[in-house]
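# Chains, contacts and geometry: an overview
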Amino acid sequence: MSVLTNDLTSEQVVNQDNDVIVDLEQIRYDVEKYPFISWVQKKIADRGFKSDDLTKLHETIPYTEISALTKWMISETGQKDWRQIAHSFTHDILEPLFDGEIAVQRFMNIRILLPQRQEMIINFHTGLWYGHGMGTGTCWVPLTPVFDTNSMQVIDREESVKLVKQAYDEAWRQDKMQDVFFKASRPVVAEPGEAVLFNQEIIHGNVPNKTGQTRVSIDFRLLVKGGKIRRKLVGGYFDLLDKEIRKGAQA
Ligand SMILES: [Fe+2]
């Protein structure tokens, strides 16, 4: 972790078979140039909620509104202003790391994890379990400081692969799996302006947020050109980067 963008080589990110192998590498980007945070703040403000401090959303948005608000913002990631930010970010920051063209998820996930809401947690899982192929990776971008229980809990790649194999071989029940994975995991620690890349073998999940701070994050999958995708198709789940962004960047 804590690897700067320029410290990461493409051999650490993708292999010769176009499989994504990146193991929870942390990269940095300019929050002014790629203003994911102010986009989210503005969307929430448009809905009438105070959003200048995203870590305090549990104080400014009623719990019953969170789900609808999140769904609406996710649908808004199909709009041009979001694509401008996300596709430029992908083009400028991610493609050099992958050393090639990548497609991205058409609608990106925006998640709001409030403190003390047990029902908001996502069990530990891997991308492979959800039908994502090895030619795809995940980019997780926290928009608030993440630490301790408000963060995504992760297990490094080698240990993830080992534990998943053990779980299959020994036919672990769901509760045993969750318990073992939880004990083996650690939180991602990051500030706004950092993003985490990981492949589909990495075990990750949430735990109840006891930090007293709301976590807001975005995440999206990306697909390496020529990479294995399994059930998700280009032009449906995945989308090519907007042409103007490639052209603009080249001009
Ligand atoms: Fe996931």
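Our subject is the structure listed above.
This structure is a prediction, so every number in the text was calculated from the model and none was measured.

### Things to note about the overall build of the protein
Across its full length, the protein holds seven helices and 10 strands. Relative to its length of 251 residues, the protein is compact, with a C-alpha radius of gyration of 18 Å against a globular reference of 18 Å. Projected onto its principal axes, the C-alpha coordinates of the protein cover approximately 50 × 50 × 35 Å. A total of 251 residues make up the protein; the buried ones form 36% of that total. Considering only contacts within the protein whose residues lie at least 6 apart along the sequence, 85% involve residues at least 24 apart.

### Quick notes on the packing of helix α5 (residues 157-169) against helix α6 (residues 174-184)
Relative to each other, α5 and α6 sit at 160°, their axes nearing to 11 Å. Here α6 runs roughly antiparallel to α5, going by the angle between their axes. When you trace α5 past α6, the crossing you get is right-handed. Only Met177, Val180, Phe181 and Ala184 of α6 make contact with α5, whose side of the interface consists of Glu159, Leu163 and Ala167.

### Remarks on the nonpolar core
Residues Phe36, Val40, Ile102, Cys139, Leu143, Val196 and Leu222 are the most contacted members of the largest nonpolar core, which totals 55 residues. For this core, the secondary structure elements donating two or more residues are α1 (36-46), α4 (80-98), β2 (102-105), β3 (109-113), β4 (136-142), β7 (194-199) and β9 (215-224).

### Concerning the pairing of β9
By the criterion of burial, β9 is predominantly enclosed, with nine of the 10 residues buried. Relative to β9, β2 runs antiparallel, the two sharing three bridges. Across the sheet, residue Ala103 finds its bridge partner in β9, namely Leu223. One ladder, built from five bridges, connects β3 with β9; its direction is antiparallel. Among the inter-strand pairings, Leu113 is bridged to a residue of β9, identified as Arg215.

### A word on α4
Largest kink in α4: about 35°, centred on His91. Burial in α4 covers these residues: Trp82, Arg83, Ala86, His87, Phe89, Thr90, His91, Leu94, Leu97 and Phe98. The positive-phi residue at the C-terminal boundary of α4 is Asp99, with phi of around 55°.

### Side note on the environment of Pro62
Looking at the secondary structure, you find Pro62 in the loop between α2 (57-60) and α3 (63-76). By the C-beta count within 10 Å, which is 9 here, Pro62 ends up exposed. Along the chain, Pro62 and Asp92 lie 30 residues apart, while their C-alpha atoms are 37 Å from each other.

What counts, and at which threshold
- Residues numbered from 1 in each chain as written.
- Predicted model: local features only at pLDDT ≥ 70, side-chain atom pairs only at ≥ 80, totals over all residues.
- Helix = DSSP H or I, 4+ residues; strand = E, 2+ residues; numbered from the N terminus.
- Rg over C-alpha atoms; globule rule 2.2 N^0.38 Å.
- Buried ≥ 20, exposed ≤ 12 C-beta atoms within 10 Å, placed from the backbone.
- Contact = placed C-beta atoms within 7 Å.
- Axes fitted to C-alpha atoms, helices over the stretch in contact; angles between N-to-C directions.
- Parallel < 35°, antiparallel > 145°, perpendicular 65-115°, else oblique.
- Left-handed = near helix turned anticlockwise from the far one by under 90°.
- Core = buried A, V, L, I, M, F, W, Y, C linked by C-beta atoms within 7 Å.
- Pairing = 2+ DSSP bridges.
- Bend = angle between axes of the 7 residues up to and from the residue.

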